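What follows is the residue order along each chain.
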There are 2 protein chains.
Amino acid sequence: MQKKPYISMPVIRRLPRYYRFLRHLDKRGVTRISSKELSEKMGFTASQVRQDFNCFGGYGQQGYGYGVHQLCEEIGSILGVDRAHKCILIGAGNLGKAIATHISYNFAGFDLIGIFDNSEQVVGQQIADLRVLPAAGIRRFCSENAPLMAILCVPDSAVKSVVELLYDIGIKSYWNFSHYDIALRYPDTIVENVHLNDSMMTLCYRVTENEKSS
Amino acid sequence: MQKKPYISMPVIRRLPRYYRFLRHLDKRGVTRISSKELSEKMGFTASQVRQDFNCFGGYGQQGYGYGVHQLCEEIGSILGVDRAHKCILIGAGNLGKAIATHISYNFAGFDLIGIFDNSEQVVGQQIADLRVLPAAGIRRFCSENAPLMAILCVPDSAVKSVVELLYDIGIKSYWNFSHYDIALRYPDTIVENVHLNDSMMTLCYRVTENEKSS
DNA sequence: TAGATTGTTAATCGATTAACAATC
DNA sequence: TAGATTGTTAATCGATTAACAATC
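The rules we used
Residues numbered from 1 in each chain as written. Chains lettered and ligands numbered in written order. Predicted model: local features only at pLDDT ≥ 70, side-chain atom pairs only at ≥ 80, totals over all residues. Heavy atoms only, no water. Near = heavy atom within 4 Å. Polar contact = N/O pair within 3.5 Å; in protein donor to acceptor, adjacent residues only side chain to side chain. Helix = DSSP H or I, 4+ residues; strand = E, 2+ residues; numbered from the N terminus. Nonpolar A, V, L, I, M, F, W, Y, C, P; charged D, E, K, R; others polar. Pairing = 2+ DSSP bridges. Contact = heavy atoms within 4.5 Å. Axes fitted to C-alpha atoms, helices over the stretch in contact; angles between N-to-C directions. UniProt positions renumbered as here; feature names shortened; annotations may be inferred. Buried < 20%, exposed > 50% of the residue type's maximum accessible area, 1.4 Å probe, protein only. Buried area = accessible area lost by both parts, 1.4 Å probe. Salt bridge = Lys/Arg side-chain N within 4 Å of Asp/Glu carboxyl O. Least-squares fit on C-alpha atoms with pLDDT ≥ 70 in both. Lys, Arg positive; Asp, Glu negative; His and termini not counted. Right-handed = clockwise from strand over helix to strand, strands pointing away.

A. Looking closely at the protein's contact with DNA strand C. The local shell around DNA strand C holds 26 residues, among which Ser35(A), Arg50(A), Asn54(A), Ser47(B) and Gln51(B) are the closest. What you see for DNA strand C is that sugar and phosphate hold 56% of its atoms within 4 Å of the protein. Here a base oxygen of DNA strand C sits 3.3 Å away from a polar atom, N or O, in the side chain of Gln51(A). Among the secondary structure elements, those contributing two or more residues to the surface near DNA strand C are α3 (46–54), β2 (60–61) and β3 (65–67) of chain A together with α1 (9–27) and α3 (46–54) of chain B. Looking at the surface near DNA strand C, its residues break down into four nonpolar, 18 polar and four charged.

Rendered as structure tokens:
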């Protein structure tokens, strides 16, 4: 039973990192860790680590630290990585293929049940145990299989109409690799954006700054 | 000439979004925009937009708004997208291929000059006008071509040794798609992480929360 | 018990929002 | 001039850090 239901966004964004690291420790047989140790290995402050873990109740023991296995399980369960939300992927280019493969190797709460593309060259290909289906079949597939989330790996030119279709079908959660601002158009959706271009420009800024100052 | 040299991290992360949107407007022939209009189309507050633009000096006019073209150019120049920092990509799997293709289509300050992989099946393939080279040749290639940044699309198991090599060669900037924490080991590096797994887990959390509450 | 380390409160810091005078 | 909208200061909000009493 969770103590406090509210976890702030910065904390939520740190949870996956904690989870990955704790799972790593757990696999290596480490049973306990203090907030100080953890903070040093992760680049946070010990204060922040304790503050973060306190959001979801006391899994630590004074004078001892935190039980790695228990904490890992707890964070995993909060994140929901023990679930298997059904999802579909639209756009099976290089990025789509990479993501599809990634999902099947790095299980994190989602079960990929369908891959779609509208290029004839791609339809029929086998990716991560799935055969790429024609985009024309999305609506029917969804009414039969009721996926909860869609992964968008389509070009920016196609994404608007794809989202219109998916939203109409009832899909409200998106992992979006395009630059279309879904959350602005459809405020009742859950959207996680991965904007590679923005990431690259931010890096470019920092590299450029560094060059200037040296 | 920039007024203030300091731009805070949250602002820097917003600059690419401004840049993309302003370029879009510019291409469509829009010449002026007010902070209010911009804020509505981007999901910020007007206050924040003005505050952000003020970091780098007055490109607005009272009673009029901002000149789209001028502002776009200025942000682009701050980001450094008008540069062509030489970079190499390590790991030409699906993700590496997607990124390589992405860079050549969405120019944002970097010029990809080499792609490396250690799999014989991949070496020799043609990606985005480049032929994939054997990983064994990285050191020599770098001493001849002096790339400034490396893109890491290698599996987590290989990344540690790859970074050791690249750092030794003198590369201090990384676009990192693996889960190896470069900045923690090498504090003098510039690292931009894209952690797909963390992004997916954050999405999973939000989807799971949403399910619980409904 | 003494030492260690949490849980939690208070202090600080920084970012966002609000307000409004300046001015085009 | 009147209306609009910026530039900038002040107020608010939230997140991080520091401190320390509680307690294993």
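Still more ground to cover, so stick around.
B. Inspection of the protein's contact with DNA strand D at higher detail. If you check the shell around DNA strand D, you find 26 residues, and the closest are Ser47(A), Gln51(A), Ser35(B), Asn54(B) and Tyr66(B). Within 4 Å of the protein, the contacting atoms of DNA strand D are 55% sugar and phosphate, with bases supplying the remainder. Interatomic distance of 2.5 Å between a side-chain N/O atom of Ser47(A) and a base nitrogen of DNA strand D. Secondary-structure elements contributing two or more residues to the surface near DNA strand D are α1 (9–27) and α3 of chain A together with α3, β2 (60–61) and β3 (65–67) of chain B. Tallied by class, residues from the surface near DNA strand D come to four nonpolar, 18 polar and four charged.

C. Highlighting the sheet that holds strand β1 (residues 32–33) of chain B. Residue and element names in this part refer to chain B. In space, the three strands of this open sheet follow the order β1-β3-β2, with antiparallel pairing throughout. Every interior strand has two partners, whereas the edge strands, β1 and β2, have only one. Relative to β3, β2 runs antiparallel, the two being bridged by two bridges. Residue Gly60 lies in a different strand from β3, and its bridge partner there is Tyr66. Its contacts with the sheet put helix α4 (residues 68–79) on β1 and β3, and the angle it makes with β3 is roughly 70°.

D. Summary view of the sheet that holds strand β5 (residues 110–117) of chain B. The six strands lie next to each other as β8-β5-β4-β9-β10-β11 (chain B), forming an open sheet whose pairing is parallel. If you trace the sheet from one side to the other, it starts and ends with β8 (133–134) and β11 (190–193) of chain B, each paired once. As paired strands, strand β4 (residues 85–90) of chain B and strand β9 (residues 149–152) of chain B are joined by four bridges and run parallel to one another. Bridge pairing in β9(B) links Ile90(B) to Leu152(B). Sitting on the sheet, helix α9 (residues 196–213) of chain A touches β4, β5, β9, β10 (173–176) and β11 of chain B, and the angle it makes with β11(B) is about 175°.

E. Examining the UniProt feature "binding site: NAD(+)" (unreviewed entry) in chain A more closely. According to UniProt, the feature "binding site: NAD(+)" (unreviewed entry) maps to Gly91(A), Ala92(A), Gly93(A), Asn94(A), Leu95(A) and Gly96(A) in the numbering used here. Those residues in contact with Gly91(A), other than ones at most four positions away along the chain, are Gly96(A), Phe116(A), Asp117(A), Cys153(A) and Val154(A). Summarising the element assignment, Asn94(A) is placed in helix α5 (residues 94–105). Asn94(A) sits in the partly exposed class, given a relative accessible area of 28%. Ignoring any residue separated from it by four or fewer positions in sequence, one finds Asn94(A) in contact with Asn94(B), Lys97(B), Ala98(B) and Thr101(B).

F. Focus on the interface of chain B and chain A. Tallying the contact residues gives 61 residues for chain B and 61 residues for chain A. Together chain B and chain A conceal approximately 5600 Å² of surface at their shared face, both sides included; 65% is due to carbon and sulfur atoms. On the chain B side of the interface with chain A, the three residues burying the most area are Met200(B), Met201(B) and Tyr205(B), jointly 13% of the side's total. On the surface where chain B and chain A come into contact, there are eight salt bridges. For Arg17(B), the salt bridge identified is with Asp181(A), shortest N-O distance 3.3 Å. Across the chain B-chain A interface, the total number found is 18 residue pairs in polar contact (both at pLDDT 80 or more). Contributing elements (two or more residues each) for the side of chain B that touches chain A: α1, α2 (35–42), α4, α5 (94–105), β10, β11 and α9 (196–213) of chain B. For the side of chain B that touches chain A, a count of residues per class yields 31 nonpolar, 17 polar and 13 charged.

G. Region of the structure containing the relation of the copies chain B and chain A. Its rotation angle being 180°, the transformation that places chain B on chain A also includes 0.0 Å of axial translation and leaves an RMSD of 0.0 Å. Here the transformation between the copies is reduced to the relation of a two-fold axis.

H. Quick peek at the pattern of salt bridges. Enumeration according to the criterion identifies 24 salt bridges over all chains in this entry. A salt bridge links Arg140(A) to Glu144(A); its shortest N-O distance comes to 3.1 Å. Of the two residues, Arg140(A) and Glu144(A) are both situated in helix α6 (residues 138–145); the distance of four residues between them amounts to about one turn of the helix. An identical accessibility class is assigned to Arg140(A) and Glu144(A); each is exposed. Here Lys160(B) makes a salt bridge to Glu164(B), at a shortest N to O gap of 3.2 Å. Remark: Glu164(B) and Lys160(B) occur in helix α7 (residues 156–169); sequence separation between them is four residues, near one turn of the helix. Salt bridges sharing common partners tie together Arg13(A), Glu192(A) and Arg206(B).

I. Structural context of the side chain of Asp117(A). Residues and elements named next belong to chain A. Looking at where Asp117 falls in the secondary structure, it is placed in strand β5 (residues 110–117). The side chain of Asp117 is buried and forms no salt bridge, while Lys97, the nearest opposite charge, is found at 8.0 Å. When sequence neighbours within four positions are dropped, the list of residues in contact with Asp117 reads Gly91, Ala92, Gly93, Val122, Val123, Val132, Leu133, Pro134 and Ala135.

J. Here's a closer look at the pairing of strand β9 (residues 149–152) of chain A. Residue and element names in this part refer to chain A. The alternating pattern of β9 places Met149 and Ile151 and Ala150 and Leu152 on opposite faces, both of which are buried. The sheet contact formed by β9 and strand β10 (residues 173–176) spans four bridges and is parallel. Paired with Ala150 across the two strands is Tyr174, which belongs to β10. Note that the unit made of β9, helix α7 (residues 156–169) and β10 has a crossover that is right-handed.

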